[in-house]
Amino acid sequence: MDITFENVSYIYQQHSPFAHKAIDQLSFHIPSGTFVAIVGHTGSGKSTLIQHLNGLVQPTAGKVKIGDFELTAEKKPKHLKQLRSKVGVVFQYPEHQLFEETVAKDISFGPKNFGVGDSEIQRRVTEALQAVGLSADYVERSPFDLSGGQMRRVAIAGVLATKPNVLVLDEPTAGLDPRGQKEMMEMFYERHRSEQLTTILVTHSMEDAVTYADHVIILNKGSKYMEGKPEEVFVQKEALQQVQLDVPEMVAFINRWNEKFHTKLPFTKQSERELATAITAVLKGGKSHE
Amino acid sequence: MSSNEKLVEFRNVSFRYGAEQPWVLKNCSFEIDREEWVAIIGHNGSGKSTIAKLMNGLLFPQEGEIYVAGKKVQEDTIWDVRKDVGMVFQNPDNQFVGTTVQDDVAFGMENRGFPREEMLQRLDDVLHAVGMVDYRLTEPHRLSGGQKQRIAIASVLAVSPKVLILDEATAMLDPRGRRDIMQTVAHLQANKDVSLLTITHDLQEIVQADRVIVMNEGQVWDESHPRELFSKQDDLLAIGLDVPFIASLAKALKQTGIPITKEPLNHEELLEELWTLHSRT
């Protein structure tokens with residue numbers, strides 16, 4: 001599903017002394033099937049932005065389009081439930097939202113709400129558990145007896161089971177150990193490709209944005225500050241520092257290397273191995289200025 | 001009793017949450033010296049947070065003994081032990097009790113019945129130590145996550161613990177907040193008479209520690225200096241951890257035939273070494 005923001009603004013507690021503009025005339029377009037990373041300093045409007053994607057909030061001004069759905073300030077939104085069945089949101093620390101007696105019941109809750117039939121729900125529970133890397137033995141367990149990482153997986157399975165077209169992920173790997181983080185991102189990426197999803201990832205990790213995203217949007221004070229391909233956006237050190245963001249570590253290293261050795265190695269989302277090969281070529285006096 | 005130098009001592013400690021439950025810690029022994037900075041790393045569920053909870057008597061081991069500043073940790077000593085062991089937890093929003101920064105920092109001191117004059121002196125001192133002296137009257141919700149954690153650290157320091165434990169205190173922060181905390185911690189280490197125990201699964205955060213204890217499945221898997229540890233890349237990956245960018249680049253360089261001798265801990269060290277090699281050729 002295509003996602004378009006046209007001059008969207010959102011003000012918290014409008015017409016009160018506490019009015020606060022969280023989104024300010026924001027416009028962008030995300031073509032269907034794109035993996036987008038949204039990056040910004042704490043308080044830049046990332047979380048408010050994603051609340052627009054399934055109609056949890058309505059813009060104060062401007063227009064949000066998600067496929068055929070439209071959200072504007074003027075009209076009361078129609079078919080919200082239908083929108084929410086298409087846009088699955090994994091909020092921060094989603095394991096806090098678990099509530100049912102068993103894993104199976106918790107995962108079933110979403111699809112049941114959207115009117116999916118019992119046999120289909122069962123199929124989806126099995127499939128979603130498998131997708132998040134939990135065995136079928138878990139269905140009858142209480143979600144509250146699981147470890148933090150397992151609880152997170154169950155909560156995510158609950159979103160996947162609604163079969164969304166758009167998957168919104170708000171820092172889905174926060175608090176997981178390195179292997180858990182990697183497995184989870186690989187799982188989302190696999191899902192993104194196999195189900196042809198439009199995926200929106202809110203992240204602090206420049207490395208994840210580089211690895212998985214086709215497109216990056218940088219927010220600052222509720223407005224779009226930069227956008228483009230990760231390898232184009234993430235090399236702009238000064239511009240990023242202006243909004244309290246850092247370049248990915250590899251970019252930082254390449255910059256310092258280039259300064260010290262008077263070379264012009266570019267950042268091309270290369271692996272450490274590829275970078276090492278390029279450095280070795282310089283040191284061994286090969287073609288040094290490529 | 002244990003010697004002066006040993007501040008914390010775990011002797012063959014085993015722990016499980018219930019008789020039917022699996023062992024979370026299995027026969028763990030290690031020591032932390034005075035003014036030492038020890039980092040504990042391990043994957044989720046490796047037992048590292050349990051260590052912290054055992055250290056100040058939030059939990060008690062089924063087997064083995066734990067000593068803090070010469071006292072054995074048990075029911076009748078926990079109140080004394082807790083004076084020596086200060087803890088900062090993961091979630092910055094769960095550990096604020098005051099309506100302003102100074103109220104919050106004062107809370108622990110009030111509980112201990114410190115005289116007012118001393119409280120004012122200490123308040124000033126700890127807010128300086130964490131670089132938050134300009135925020136004395138700020139309300140907590142106006143602080144960033146990193147700032148909140150710095151206040152949490154200040155509140156603990158105010159009552160002069162002998163050891164400060166940071167239990168994944170940076171896990172919920174953004175990269176800037178994380179760096180902030182690590183700088184604060186390094187500054188404390190250099191300027192305060194306190195031992196540090198930082199518990200993390202982020203290998204970036206162990207670089208400055210004096211010693212690293214690696215936990216795996218409830219056991220002490222390794223104890224070494226960060227530099228040695230970074231060279232054990234494949235082993236770390238095998239137990240669910242990751243190595244920092246600089247260590248994996250150094251490894252890739254070695255594989256492409258660059259003779260790196262000193263395992264680099266940061267960009268400068270690697271660039272220096274490469275420069276030396278470059279000048280020689």
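The structure presented is a predicted model; accordingly, all values stated were derived computationally and were not measured. (Residues numbered from 1 in each chain as written. Chains lettered and ligands numbered in written order. Predicted model: local features only at pLDDT ≥ 70, side-chain atom pairs only at ≥ 80, totals over all residues. Heavy atoms only, no water.)

### A look at the UniProt feature "domain: ABC transporter" (unreviewed entry) in chain A
Basically, it comes down to this: UniProt positions are given in the numbering used here, feature names are shortened, and annotations may be inferred rather than shown by experiment. Helix and strand definitions here come from DSSP, where helices need a minimum of 4 consecutive H or I residues and strands a minimum of 2 consecutive E residues; each element is numbered from the N-terminal end.
Sites flagged by UniProt as "domain: ABC transporter" (unreviewed entry) map to residues 3-246 of chain A. Note that residues 3-246 of chain A is 36% helix and 26% strand, and that its end C-alpha atoms are spaced 27 Å apart.

### Overview of unusual backbone geometry
The phi angle at Asn7 of chain A is positive, at roughly 45 degrees, despite the residue not being glycine. In this structure, Asn7 of chain A sits in strand 1 (residues 3-12). Residues other than glycine seldom take positive phi values, yet Glu217 of chain B does so here, at roughly 45 degrees. Within the fold, Glu217 of chain B resides in the loop between strand 9 (211-216) and strand 10 (219-224).

### Looking at the pattern of salt bridges
All names here are of chain A. Let me state the cut-off plainly: Here a salt bridge means any side-chain nitrogen of Lys or Arg lying within 4 Å of a carboxyl oxygen belonging to Asp or Glu. Residue burial is assigned from relative accessible area. The probe radius is 1.4 Å, only protein chains are included, and a residue is buried under 20% of its type maximum, exposed over 50%, and partly exposed in between.
Summed over all chains, the structure comprises 36 salt bridges over all chains. Glu227 is the partner of Lys224 in a salt bridge, and the nearest nitrogen-oxygen pair spans 2.7 Å. Here Glu227 falls in the partly exposed class, since its relative accessible area comes to 31%.

### Quick notes on the UniProt feature "domain: ABC transporter" (unreviewed entry) in chain B
Within the UniProt annotation, "domain: ABC transporter" (unreviewed entry) is assigned to residues 8-242 of chain B. As annotated, residues 8-242 of chain B has a helix share of 34% and a strand share of 24%, and its two end C-alpha atoms lie 28 Å apart.

### Let's talk about the interface of chain A and chain B
So the rule is basically this: Contacts are assigned to residue pairs that have any heavy atoms within 4.5 Å of one another. As used here, buried area is the combined drop in accessible area, with a 1.4 Å probe, of two parts when they are placed together. Polar contact is the term for a pair of N or O atoms within 3.5 Å; when the atoms are in protein, one must be able to donate a hydrogen and the other to accept it, and sequence-neighboring residues count only if both atoms are side-chain atoms. Charged residues are taken to be Asp, Glu, Lys and Arg, nonpolar residues to be Ala, Val, Leu, Ile, Met, Phe, Trp, Tyr, Cys and Pro, and polar residues to be all remaining types, Gly included.
With 31 residues of chain A at the interface, the matching set in chain B holds 35 residues. Approximately 3000 Å² of surface area, both sides summed, lies buried where chain A meets chain B, with 60% of it carried by carbon and sulfur atoms. Taken together, chain A and chain B are joined by 4 salt bridges. Put simply, Arg179 of chain B and Asp246 of chain A hold a salt bridge, and the shortest N to O gap is 3.3 Å. Counting across the interface, chain A meets chain B through 15 residue pairs in polar contact (both at pLDDT 80 or more). For the side of chain A that touches chain B, the elements supplying multiple residues, two or more each, are helix 6 (178-194), helix 10 (249-261) and helix 11 (272-283) of chain A. Each residue belonging to the side of chain A that touches chain B can be placed in one class, and the counts come to 13 nonpolar, 9 polar and 9 charged.

### So, the pairing of strand 3 (residues 35-40) of chain A
Residues in a regular strand point their side chains to alternate faces of the sheet. Residues and elements named next belong to chain A. As a reminder of what qualifies: Strand pairing follows a simple DSSP-based rule, namely that at least 2 bridges must link the two strands.
Taken across its 6 residues, strand 3 has 6 buried, putting it largely inside the fold. Looking at chain direction, strand 3 and strand 8 (residues 198-202) are connected through 4 bridges and run parallel. What sits directly across from Ala37, in strand 8, is Leu201. Where strand 3 lies against strand 9 (residues 215-220), 5 bridges are found, and the strand directions are parallel. Bridging across to strand 9, Val39 finds its partner in Ile218.

### Regarding helix 6 of chain A
All names here are of chain A. Put simply, the rule reads: One fewer than the residue count of a helix, multiplied by 1.5 Å, yields its expected span.
Here helix 6 is 17 residues long and its end C-alpha atoms lie 24 Å apart, about the 24 Å a rise of 1.5 Å per residue gives. Of the positions making up helix 6, those classed as buried are Pro178, Gly180, Met184, Met185, Met187, Phe188, Arg191 and His192. Looking at the buried side of helix 6, the elements it contacts are strand 3, helix 4 (118-131), helix 5 (148-160), strand 7 (166-170), strand 8 and helix 7 (206-212). Of the residues one or two after helix 6, Gln196 is the one with positive phi, at around 50 degrees.

### Here we look at the sheet that holds strand 5 (residues 71-72) of chain B
Residues and elements named next belong to chain B. The condition that has to hold: Every axis corresponds to a line fitted to the C-alpha atoms, with the helix fit spanning only the stretch in contact, and the corresponding angles, defined between N-to-C directions, vary from 0 to 180 degrees.
The strand order 2-1-4-5 describes an open sheet built from 4 strands, whose pairing is antiparallel. Two strands close off the open sheet at either side, each with one partner strand: strand 2 (25-33) and strand 5. Relative to strand 2, strand 1 (residues 6-15) runs antiparallel, the two sharing 6 bridges. The partner of Glu9 across the bridge, within strand 2, is Glu31. On the sheet, helix 1 (residues 48-55) packs against strand 1, strand 2 and strand 4 (63-68) and is oriented at approximately 120 degrees with respect to strand 1.

### What to know about the sheet that holds strand 6 (residues 87-90) of chain A
All names here are of chain A. Pairing is mixed in the open sheet, where 6 strands are placed in the order 6-7-8-3-9-10. A strand with exactly one partner marks an edge of an open sheet, and here the two such strands are strand 6 and strand 10 (223-228). Taken over all neighbouring pairs, the strand axes of this sheet differ in orientation by 20 degrees on average, direction set aside.

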